[in-house]
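Close look at the chain arrangement
In case you want the letters, here they are:
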Amino acid sequence: MVTERATANAGAAPSGFFSPESIGTQTTGAAELEFEQRCRDLLPSLEREDHGLRFHVAAVDAPAVMSSWTSAHLALALRHIDAAAALAELRALYEGCQRDDGLLAAERVAGEAERSARTREVGAIFGEDARSQLIAPPVAAFAVACLALAGTEGSRDLLALATRELDAIWGARLPPDTPLPVILHPLESGVPRSALFESLLDCEDEDEWRDDSATLFRSAAACRLDPEHALRAGHPFVIEDPVFCGWLLLALEECSRAWEKLGDTTSCQKLRIRSEMIAEGIHSRLWWEEQEIYAGWNRGRQSALRSVTAGGLLPAATRTLAEEGTPRRLVDRHLRPSASALWSSRGVFHAPPMRGERDDLDSRGDRPDAASPLAHFWAHLVLSRAERPADARVARAQLEALALSRGFQHEYDVGPDQPEELLADTSALPLLALGMRERERGLL
């Protein structure tokens, strides 16, 4: 149902398609203030509590499940308007989800009702402590480092916890004789329905995906979530994933810089050496020369997972790979506003919509054109690091315009034949535009 506020604001932002020439003026002035106010209005309805810890969930109707992926992204958005709130979000996450071995559980459920519901969706992934046995990309460690680099008071102890998480990933998820960590379940990517995984599980049919997810978890659990054991046992999902590896490299780099700023040269040097090793592995194993983007590698089958996805953009945002040069080629090909397969005048997509001349890029003919706030955020991060501030502003302003004209949604079905529909604000993901604004101000 459309809210009264959304109806009243329908004329405040453009609808339909956007052009690079006009996008820069669409969310300035009053519209920017409106966007920020709607972010503030939405936050209370996203707040939940678990054993005395307050955190935010991804959507208004989401149950009380603490998510590393969600809380970390919310922290990256909140630091623009309230650094203390961002720090509190991350502190609750590490207190609630970090295990004794240093790994950060991907999720933690507040009670049996949430546990049962989530188990029905993805399988019996939770341990006795209500924490998921799976992990997630270390976005939280990156967010902590950003706060520490900004001089946020009280961030040093969190930086130690974030570094402990990175150490644990290094120790627990690197198989023998490989420079890259692996994920053992699609949920560990952060984007479990990625087109990269189509050859390994059905990403379209809900029932089959749930069954495949549960089966994969049982297999991974039987291998004690150990990569070496998983490879020996023939576990079918041992994947070097560009999203997980990209976030790991970003977190290593920023945590290294944060420790350097704080004067801890030992921690700084350790993380810097690991950054160089991970960067070399991403370049040598995940770079897809033909399409000039990063893709995946099936470690078990020793074969490539080839698909153009927004997740394949993420490693291009890293500082270490920027020195190598391929990220600029990626930007030139895939991040041209309204002119690239991933970026049309309607938004940035997770994967290119299927068209006759690009059938080889996407086998799913029934997927709608869906603009993604996450894809906009990743594109903006890459463009900012590539010193393309004008294009970065297009990605941010386009997302804000979509949110103002369509409501705060997880994704935007904006195909050319789709009617305009204004919905209530429900998703936390468009708040990422707040962090994108902050990054732009740092470029000026």
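In this report, the structure presented in the accompanying data block is examined. (Residues numbered from 1 in each chain as written. Predicted model: local features only at pLDDT ≥ 70, side-chain atom pairs only at ≥ 80, totals over all residues. Heavy atoms only, no water.)

**Some points on the overall build of the protein chain**
Helix and strand content of the protein chain: 17 helices and 13 strands. Long-range contacts, defined here as pairs at least 24 residues apart, represent 69% of the contacts in the protein chain between residues at least 6 apart. Just so you have it, the protein chain exposes about 17,100 Å², and 49% of that area is on carbon and sulfur atoms. (Helix = DSSP H or I, 4+ residues; strand = E, 2+ residues; numbered from the N terminus. Contact = heavy atoms within 4.5 Å. Areas by Shrake-Rupley, 256 points an atom, 1.4 Å probe, with all protein chains shown as cover.)

**Overview of the pairing of strand E2 (residues 53–56)**
Sheet topology places strand E1 (residues 47–50) next to E2; 4 bridges connect them, and they run antiparallel. Paired with Asp50 across the bridge in E2 is Leu53. Where E1 hands over to E2, the hairpin turn is made up of 2 residues, of which His51 adopts a positive phi near 50°. (Pairing = 2+ DSSP bridges.)

**Some thoughts on the nonpolar core**
When a protein is soluble and globular, its nonpolar side chains tend to lie buried together. With 141 residues, the main nonpolar core has Trp247, Ile282, Leu313, Leu330 and Trp378 as its most contacted residues. Here this core gets 12 residues from one element, more than from any other, and that element is helix H11 (residues 242–262). Residue contacts for Trp378: discarding those within four places in its chain leaves Trp69, His73, Val191, Val243, Trp247, Ala310, Gly311, Leu314 and His350. (Core = buried A, V, L, I, M, F, W, Y, C linked by side-chain atoms within 4.5 Å. Buried < 20%, exposed > 50% of the residue type's maximum accessible area, 1.4 Å probe, protein only.)

**Some details on unusual backbone geometry**
We note that Glu292 has phi near 55°; this positive angle belongs to a residue other than glycine. Relative accessible area serves as the criterion here: at 17%, Glu292 is assigned to the buried category. Non-glycine residue Ser338 carries a positive phi angle of around 65°. Relative to the assigned elements, Ser338 resides in the loop between helix H14 (326–334) and strand E10 (343–344).

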